[in-house]
Amino acid sequence: RRAAKMVILNVDHPDIVDFIECKAREERKAWTLIDAGYDSSIDGEAYGSVFFQNANNSVRVTDEFMEAMLEDREWQTRNVLDGRVAETYRARDLMRRIAEAAHFCGDPGLQFDTTINDWHTCPNTGRINASNPCSEYMHLDDSACNLASLNLMKFVDDGGKFDVDGFRHAVDVVITAQDIVIDNSSYPTEQITETAKAYRELGLGYANLGALLMAQGLAYDSDAGRSYSAAVTSLMCGEAYLQSSRVSEAMSPYAGYAKNRQAQLRVIDKHRQK
């Protein structure tokens, strides 16, 4: 099976309407073929004969666009080469098109560009332009990230108590292991190899959050459930940063740290404030 890729277009691009609606149009074609008796499986004849099935589409939106949408103002698309106005829309009309297409076929998603780059730890090297299809990794172009996750249910005892100390220890072990893996991995291009080793991106997450909340008797969509989830996430994030600092003290900071020191400390402070 072919791998999916992320495709992102700026919300002020002249082709934004066609981009928003392209997968929905192809989905309608697939449904027509299915109604005519063609195989409806993901690799079947119906979906295999329409475009864009191996792409995850997202629209890159800015705070400026979101504010225009909330205030029901106009939004202008601009030519890529000369910056002149191409078309004028109501921002809310564009957002409705996005919502309706996503409801119909799942795409496009949204990437909140202003917010994403406000939390970027290495902006002095380059901005965040895109992500992988699942969007759990956002960082520099031509980079790579070692991803790992912890099964939260492994840290719950028979009485339902969450093992905070055990969880912190697991974070320490996995972060250390992920850093070791960086220099023992191979990468598809020389540039990715260079960036991965210079910036040493690590991604640690968790699995089974829903099961953990059920074990605690907390509704998934509840203030208590969200607060519990936030506490677990904050614990994981803070411990990962702490262990990363220990590794840095023992092995020296990553090569790109000095250039981005103030920016990284600013983001860590934002975590503390949140």
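Residues numbered from 1 in each chain as written. Predicted model: local features only at pLDDT ≥ 70, side-chain atom pairs only at ≥ 80, totals over all residues. Heavy atoms only, no water.

K.L.:
How should I be thinking about the overall build of the chain in this particular structure?
P.N.:
Helix and strand content of the chain: ten helices and seven strands. When its C-alpha atoms are laid out on the principal axes, the chain stretches across 55 × 50 × 40 Å. Sorting the 274 residues of the chain into buried and exposed places 36% on the buried side. Restricting to contacts in the chain with at least 6 residues of sequence separation, those with at least 24 account for 63%. On the chain, roughly 16200 Å² of surface is accessible, and the fraction owed to carbon and sulfur atoms is 51%. Across the chain, the mean location of the 29 positive side-chain charges is 2 Å away from that of the 41 negative side-chain charges. (Helix = DSSP H or I, 4+ residues; strand = E, 2+ residues; numbered from the N terminus. Buried < 20%, exposed > 50% of the residue type's maximum accessible area, 1.4 Å probe, protein only. Contact = heavy atoms within 4.5 Å. Areas by Shrake-Rupley, 256 points an atom, 1.4 Å probe, with all protein chains shown as cover. Lys, Arg positive; Asp, Glu negative; His and termini not counted. Charge placed at Lys NZ, Arg CZ, Asp CG, Glu CD.)

K.L.:
I tried to follow unusual backbone geometry on my own but got confused; where do I start?
P.N.:
Comment: phi is negative for the bulk of residues other than glycine, and the bulk of peptide bonds are trans. The residue after Asp107, namely Pro108, is reached through a cis peptide bond having omega 5°. On the secondary structure map, Pro108 appears in the loop between helix H4 (91-105) and strand S5 (109-112). Even without being glycine, Asp72 reaches a positive phi, approximately 55°. Assignment of secondary structure puts Asp72 in the loop between helix H3 (63-70) and strand S3 (74-78). Residues other than glycine seldom take positive phi values, yet Ser252 does so here, at roughly 90°. Take Ser252: it is sitting in the loop between helix H9 (223-251) and helix H10 (257-273). Under the relative-accessibility criterion, Ser252 is labelled partly exposed at 47%.

K.L.:
Looking at this model, I keep getting lost on the confidence of the model for the chain. Mind explaining?
P.N.:
Low-confidence regions, as indicated by low pLDDT, have predicted coordinates that should not be scrutinised in detail. Averaged over every residue, the pLDDT of the chain is 93; residues scoring 70 or more account for 99%. Mean pLDDT per element in the chain: helix H2 (residues 45-48) is the minimum at 84, and H3 is the maximum at 98. (pLDDT = per-residue confidence, 0-100.)

K.L.:
Teacher, can you tell me more about the packing of H3 against H4 here?
P.N.:
In helix packing, the relevant descriptors are the interaxial angle and the interaxial distance, both defined with respect to the helix axes. It is at 7 Å that the axes of H3 and H4 come closest, and there the two elements cross at 100°. Between H3 and H4, the angle falls in the class roughly perpendicular. Contacts from Phe65, Met66, Ala68, Met69 and Leu70 of H3 reach H4 at Ala91, Arg92, Leu94 and Met95. Of the residues that constitute the contact of H3 with H4, the class distribution is eight nonpolar, no polar and one charged. (Axes fitted to C-alpha atoms, helices over the stretch in contact; angles between N-to-C directions. Parallel < 35°, antiparallel > 145°, perpendicular 65-115°, else oblique. Nonpolar A, V, L, I, M, F, W, Y, C, P; charged D, E, K, R; others polar.)

K.L.:
Sorry, what's going on with the state of the cysteines here?
P.N.:
What makes a disulfide is a covalent bond joining the sulfur atoms belonging to two cysteines. Enumeration over the complete set of coordinates arrives at zero disulfides. Not engaged in a disulfide, the cysteine Cys105 finds its nearest cysteine sulfur in Cys22; these two sulfurs lie 8.0 Å apart. For Cys105, a relative accessible area of 23% puts it in the partly exposed group. (Disulfide = S-S within 2.5 Å.)

K.L.:
Help me out: how do you make sense of a negative patch on the surface in this one?
P.N.:
Among the surface-exposed residues, Asp157, Asp158, Asp163 and Asp165 lie close enough to one another that they form a single negatively charged patch. Along the polypeptide, Asp165 turns up in helix H6 (residues 164-182). (Patch = residues over 30% accessible without salt bridge, like charges linked within 9 Å, V, L, I, M, F, W, Y side chains within 5 Å. Salt bridge = Lys/Arg side-chain N within 4 Å of Asp/Glu carboxyl O.)

K.L.:
Would you explain the pattern of salt bridges in this entry?
P.N.:
Here the idea is simple: oppositely charged side chains can pair when their charged atoms come close. Enumeration over the complete set of coordinates arrives at 21 salt bridges. With a closest N to O distance of 3.6 Å, Glu21 and Arg25 form a salt bridge. One end of the pair, Glu21, and the other, Arg25, are both in helix H1 (residues 16-35), four residues apart, so they sit about a helical turn from each other. The exposure class assigned to Arg25 is partly exposed, which follows from its relative accessible area of 35%. The residue Asp113 makes a salt bridge to Arg60 at a minimum N-O spacing of 3.5 Å. Placement of the pair is Asp113 in helix H5 (residues 113-118) and Arg60 in strand S2 (residues 55-61), with a sequence separation of 53 residues. Residue Asp113 is classed as buried on the basis of its relative accessible area of 10%. Salt bridges here are not isolated pairs; linked through shared partners, they connect Arg168, Asp172, Glu239 and Arg246.

K.L.:
Can you help me understand the sheet that holds strand S1 (residues 5-10) in this one?
P.N.:
Think of a sheet as strands paired side by side through backbone hydrogen bonds, with each pair either parallel or antiparallel. The strand order across the open sheet formed by three strands is S1-S2-S5, and the pairing between neighbours is parallel. This sheet does not close on itself; its edge strands, each paired only once, are S1 and S5. Pairs of neighbouring strands in the sheet enclose a mean axial angle of 35°, with direction left out of account. One ladder, built from four bridges, connects S2 with S5; its direction is parallel. In the sheet register, Val61 faces S5, and the bridge partner there is Phe112. (Pairing = 2+ DSSP bridges.)

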